Every structure is written in structure tokens, then in C-alpha cells.
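Take a look at the letters that make up each chain.
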Amino acid sequence: ETPEGFTADGKCVLYSASIQDPASSAIFPTGAMNELYKVPVGGGRPAQVLATPALSVSYLPDGASFVYQDVKGFEDTFRKHHTSSVTRDIWKYDAKTGKHTNLTNRGGEDLNPVVGVDGSTIYFLSERNNGSMNVYSMNVDSPSNISQVTNFKTHPVRFLSQGSNFFFNDTATTEIYTLAAGNQKAKKVAID
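No experiment lies behind these values; they were computed from the predicted model shown.

Student: I'd like to hear about the overall build of the protein chain, residue by residue, with values.
Tutor: Across its full length, the protein chain holds 0 helices and 16 strands. Put simply, 32% of the contacts in the protein chain that link residues at least 6 apart link residues at least 24 apart. Surface exposure of the protein chain reaches about 10300 Å², of which carbon and sulfur atoms provide 51%.

Student: Talk me through the packing of aromatic side chains; I want residue IDs and the actual numbers.
Tutor: The full count for this structure, using the stated rule, is 6 aromatic pairs. Taken together, a centroid distance of 5.7 Å and an interplanar angle of 25° make the contact between tyrosine 15 and tyrosine 37 stacked. Pair noted here: tyrosine 15 is in strand S2 (residues 12-17) and tyrosine 37 is in strand S3 (residues 35-40), with a separation of 22 residues, a long-range link. Note on accessibility: tyrosine 15 and tyrosine 37 belong to one class, buried. Each ring, one from phenylalanine 66 and one from tyrosine 93, has its centre 5.1 Å from the other, and the planes form 40°; the classification is tilted. Remark: tyrosine 93 occurs in strand S7 (residues 90-94) and phenylalanine 66 occurs in strand S6 (residues 66-69); sequence separation between them is 27 residues.

Student: Tell me about a nonpolar patch on the surface, residues and numbers included.
Tutor: A surface patch of nonpolar side chains, about 240 Å² in accessible area, is lined by Ile176, Val189 and Ile191. Along the chain, isoleucine 176 turns up in strand S15 (residues 175-179).

Student: How would you sum up the sheet that holds strand S8 (residues 99-102)? Please name residues and give values.
Tutor: Pairing within the open sheet is antiparallel, and its 4 strands lie in the order S5-S6-S7-S8. Of all the strands in the sheet, the pair left with one neighbour each is strand S5 (55-59) and S8. Mean inter-strand twist for the sheet, computed between neighbouring axes without regard to direction, equals 25°.

Student: Please give an account of the pattern of salt bridges that cites residues and values.
Tutor: Considering all chains together, one arrives at 3 salt bridges under this definition. Linking arginine 128 and aspartate 110 is a salt bridge whose minimum nitrogen-to-oxygen distance equals 3.2 Å. Of this pair, arginine 128 sits in the loop between strand S10 (121-126) and strand S11 (134-139) while aspartate 110 sits in strand S9 (residues 110-115); the two residues are 18 residues apart in sequence, bridging distant segments of the chain. By relative accessible area, which is 17% here, arginine 128 ends up buried. Classification of aspartate 110 as buried rests on a relative accessible area of 0%. It is possible to trace a salt-bridge network through shared partners that takes in Arg106, Asp110 and Arg128.

Student: Lay out the environment of glycine 63 in plain terms, naming residues and giving numbers.
Tutor: Assignment of secondary structure puts glycine 63 in the loop between S5 and S6. For glycine 63, a relative accessible area of 34% corresponds to the partly exposed category. Separated by 32 residues in sequence, glycine 63 and alanine 95 have C-alpha atoms that sit 9.2 Å apart.

Student: Now, about the pairing of S3: what can you tell me, with residues and values included?
Tutor: As paired strands, S2 and S3 are joined by 6 bridges and run antiparallel to one another. Counted as the bridge partner of alanine 17 is glutamate 35 from S3. One ladder, built from 3 bridges, connects S3 with strand S4 (residues 47-50); its direction is antiparallel. From the neighbouring strand, lysine 38 faces S4, where its bridge partner is alanine 47. Hairpin connection between S3 and S4: a loop of 6 residues separates the two successive antiparallel strands, and glycine 43 in this loop has a positive phi of roughly 95°.

Student: Lay out the layout of surface pockets in plain terms, naming residues and giving numbers.
Tutor: Roughly 250 Å³ of internal volume is contained in the second largest pocket. What lines the second largest pocket is a set of 13 residues, and nearest its centre among them are Phe6, Ala8, Val57, Ser58 and Tyr59. Elements represented by at least two residues in the lining of the second largest pocket include exactly strand S1 (2-6), S5 and S9. If you tally residues by element for the lining of the second largest pocket, the top one is S5, at 4 residues. The residue inventory of the lining of the second largest pocket, partitioned by class, reads 7 nonpolar, 5 polar and 1 charged.

Definitions and limits used
- Residues numbered from 1 in each chain as written.
- Predicted model: local features only at pLDDT ≥ 70, side-chain atom pairs only at ≥ 80, totals over all residues.
- Heavy atoms only, no water.
- Helix = DSSP H or I, 4+ residues; strand = E, 2+ residues; numbered from the N terminus.
- Contact = heavy atoms within 4.5 Å.
- Areas by Shrake-Rupley, 256 points an atom, 1.4 Å probe, with all protein chains shown as cover.
- Phe/Tyr/Trp six-rings, centres within 6.5 Å; stacked < 30°, edge-to-face > 60°.
- Buried < 20%, exposed > 50% of the residue type's maximum accessible area, 1.4 Å probe, protein only.
- Patch = residues over 30% accessible without salt bridge, like charges linked within 9 Å, V, L, I, M, F, W, Y side chains within 5 Å.
- Salt bridge = Lys/Arg side-chain N within 4 Å of Asp/Glu carboxyl O.
- Pairing = 2+ DSSP bridges.
- Axes fitted to C-alpha atoms, helices over the stretch in contact; angles between N-to-C directions.
- 1 Å grid on protein atoms, 1.4 Å probe; cavity = no way out; pocket = protein on both sides within 12 Å on 5 of 7 lines; lining within 4 Å.
- Points joined across faces, edges and corners; volume = space filled by probe spheres on them.
- Nonpolar A, V, L, I, M, F, W, Y, C, P; charged D, E, K, R; others polar.

Here you go:
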């Protein structure tokens, strides 16, 4: 089991695990293609949320729909400049209709979606523009309009998360940065 986050109400932990593929699933049952589950924070019986792999789940304002990163194959997540049919995309899951919509459908990696505090901006990591992995943004209702937020050239940005600011790190130097909403420049956290 790998933790993926919390439900929007904070009452359950979301996690990926290979427990039970539905009989109707077209996905070959394997430990590398997990399902998404939730379990109450205080413990209890788990429940399957999705039968398909869904990583880095981030909820939309309705508290039931969410965005996530898919898994199509067995490629290393940290491989640089990867383009193929198994690269990951950002998807939206509509809880009312059960519909999955691919928001970034392209040949390169798009990872780690985070819904912004405004509830409509999605921040994510990508190697677009022939560069290193950086933070990008898009509106959930117009995903084709994508903007680059950070511009790191040497080392990739990894592990995007959000509190009152965005937090991420530069993996090669293990530096942590914050980025306040609306700012164009990331600020390195002084760690002693």
C-alpha cells in the first residue's frame, strides 16, 4: 500500500494497492497496476475508490471529483525526457458521471497534479518546451491553455505539494522551494 493523500473531508486516507481487480477490468492483474482505495483515518474497513491506477490524487471543490496521474506501464517515473505510449497523463475523474477525462494527452510525462486554492487551477510537473521537469498550470475547464510556472534548467523539479504555498524540491541538490500563488519566482527554503 502506498499513500496517495486524503479525501477532501480529511476523514479517509487514499492509498494505492494491488488487492482486487474487478472481473470486468481489461487491465492485466499485476502488482504494478494498482487500484485506488480509501480507509478511515482512525482505522476500519477499506473501500475501493477506482479500479484503475490513480496516483497523486487532488480533489476538486465538489469534494468528490478529483484529478490524478495515471499509470499505463512499467517505465521508471524518474526517467528524463521520456516519450512513449506509456508516459503518464493528468486525468479528471467526475464523481457524478463516473467519467474519466484526459487533460494532458501527449507523448511526454505529465505528473503530480495539485488543485490550486482557487479550485480551478491545476498545477503539475512536466518536461514540456524541451526542458527539465518544471511546474506548469492549466484551468480544469480549459486544459489546452497551459502555462509554465517555474523555469529550472539544470535539475528536475519533483514532489509537488500544496499548503498555503506550493512546496517542491530540486532532486539533484535536494533543495526545497516554496512558491506563493501569483508569484513568478520560487524561493529556496533555508535549511540548516
